[in-house]
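Notes for the structure review
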Amino acid sequence: MSVANLPGKWTRRCGKTLLDVITCLVFLFLDFLDAVLCIVYKLLDEFFEGEASSPCYCGNKGEGNGEVCGEEKELSETLYGRGNVFREMGFLGFARKWEYGKKKDGDGGVRGGLVNRWSDCGCESCVSWMKKGNQKLHVVVRELPQVTTAEPAENVIFLHGFLSSSSFWTETVFENLFVSGHVKGHYKLFAVDLLGFGKSPKPNDSMYTLSDHVEMIEESVISPFQLSSFHLVAHSMGCLIAVALAAKYSKFVKSVTMVAPPYFPCVKDGTSTTTMVLDTLAGKTLWPPIAFGRSVMSWYEHVGRCFCFLFCRNHRTWDKILMLLTRRRELNFMEVDLTRHTHHSAWHCMHNVICGGAKFMDDYLEILKRSRVKVCIIHGDHDLVVPLECSHKIKIKFPEVELDVIPNADHVSVILRRKKDFAKNLEHIWTSSKMGLGQDRV
């Protein structure tokens, strides 16, 4: 080693050590803040909601948190397994004992019966689902005109990702499928607002597991529209739901197209899988800022609820401020969708779908493999949200899966900056799956 290089190497090492110390201190403070906010929200919830307050996950599993026993295997271990230095030391533990004591006396909180929390937005657009007689998902249906054949329309269900809505598809892919004129087939498109997002119901008595999402899609799309066959297109978190849905309807699904799927090979210990997902997608880091935001919202239940109270509950005010600052009459659909959820729905989807769903993916993909369902993956090589490695791991474990790596594309631009090309890719996948259906699936 050259002596001239020693000062630079020493500087980098000192810089890394300093960053590690600052990171440790910041998250130590967040541990303390989350423990304190746990008590604050308990008092506020009891004051505003009384016996209807929803329990949190700061205690030990099984401490009367109100889960449904049948759902327990689908609940992510990360709900309770997020370490907090102060809680592990027993700091503020008197509050947990006080709360648990109340539950034993029959005065504990229950989830049922609560429709809108005091910390959630109560505007017309956010609670409109409560006024409907049937609690079904919001679905946008478009039908491409029949051009060349007399065959019935091919059904395609689109599922969006985390903190998004059906607008992700209707404002991008749908436009190009309808306007471009290059689509030769006859397709009926269904863009779904997943449970807990957009204009769909956001119930506080739901745990937002994969089964909950699949069941709602069944009741809102497959059954009412009597779909006997369909294609699936999904982005990010929606990929996990799409694979679960396809595995259940493996005889009816023609193809599954996943864009940036958060896949992690399941290990024998399911706990390790869910923890690995949380560490990989939302590890505790200060840089870049978006990664820091993900880690805070994923690791700290009560700090995250503060952000949702500040931004989601007051989204109308923030919308006006943003339009005023940017001098626009309308906001981009992605800016709007970012706050159209509740903390309860986003928190549980992050843990029970993204983290908890990982342990089921291998089994579901194995079902699709045996059923010879066409599975295609599209992933940008500059994706900083879901690593490209996730798609490579699927390809390694399931070689028959088609993988298309898009150069210079990230988690969102893989679709938004190549809308026409993406639309062409979809039609090619749909057409090829139709041609190979009779040969491959007996």
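For the structure itself, look to the data block above.
Residues numbered from 1 in each chain as written. Predicted model: local features only at pLDDT ≥ 70, side-chain atom pairs only at ≥ 80, totals over all residues. Heavy atoms only, no water.

With that out of the way, let us pick up the nonpolar core. Within soluble globular proteins, side chains that are nonpolar generally end up buried alongside one another. Counting residues in each nonpolar core, the largest one holds 66 residues, and the members touching the most others are I157, L159, F230 and L232. For this core, the leading source of residues is helix α9 (residues 237–248), giving nine residues. Sequence-distant contacts of F230, that is, excluding residues within four places in its chain, are made with N155, I157, I222, L245, Y249, F252, V253, K254 and S255. Residues V140, F168, I406 and A409 belong to the second largest nonpolar core, which totals 26 residues. (Core = buried A, V, L, I, M, F, W, Y, C linked by side-chain atoms within 4.5 Å. Buried < 20%, exposed > 50% of the residue type's maximum accessible area, 1.4 Å probe, protein only. Helix = DSSP H or I, 4+ residues; strand = E, 2+ residues; numbered from the N terminus. Contact = heavy atoms within 4.5 Å.)

Before going further, it helps to examine the pairing of strand β3 (residues 187–192). The buried fraction of β3 amounts to five of the six residues, a majority that puts the element mostly inside the structure. In this structure, strand β1 (residues 139–143) lies alongside β3, joined through five bridges in antiparallel fashion. When the sheet's bridge partners are listed, V139 is paired in β3 with V192. One ladder, built from six bridges, connects strand β2 (residues 154–159) with β3; its direction is parallel. Looking at β3, one finds that N155 is bridged to K188. (Pairing = 2+ DSSP bridges.)

This part takes up α9. If you check α9, its first and last C-alpha atoms are 18 Å apart, about what 12 residues at 1.5 Å a residue would give, namely 16 Å. Counting buried residues in α9 gives 11 out of 12 residues, a clear majority hidden from the surface. Of the surrounding secondary structure, the elements contacted by the buried residues of α9 are β2, α8 (210–222), β4 (230–235), β5 (253–259), α15 (343–355) and α16 (361–370). (Expected span 1.5 Å × (residues − 1).)

Bringing the pairing of strand β6 (residues 374–380) into the picture now. Of all seven residues that make up β6, seven are buried, and the element is covered over most of its length. Judged by which residues are buried, β6 turns out to be covered on both faces: K374, C376, I378 and G380 on one side and V375, I377 and H379 on the other are all buried. Pairing analysis gives five bridges linking β5 to β6, with the strands arranged parallel. Counted as the bridge partner of V256 is V375 from β6. After leaving β6, the chain enters helix α17 (residues 388–397) and then returns to the sheet as strand β7 (residues 402–406), a path that is right-handed. (Right-handed = clockwise from strand over helix to strand, strands pointing away.)

Considering all chains together, one arrives at 13 salt bridges under this definition. Taking the shortest distance from any N to any O, the salt bridge between D319 and R340 comes out at 3.1 Å. You can see D319 sitting in helix α13 (residues 315–326) and its partner R340 sitting in the loop between α14 (333–337) and α15, a full 21 residues away along the chain. Taking relative accessible area as the criterion, D319 reaches 13% and is therefore assigned buried. The structure contains a network of salt bridges with shared partners spanning D45, E49, R117 and R305. (Salt bridge = Lys/Arg side-chain N within 4 Å of Asp/Glu carboxyl O.)

Glancing now at the side chain of H235. Within the secondary structure, H235 is located in strand β4. Setting aside anything within four residues of it in sequence, one finds H235 in contact with L159, H160, G161, F168, W169, V259, H411 and I415.

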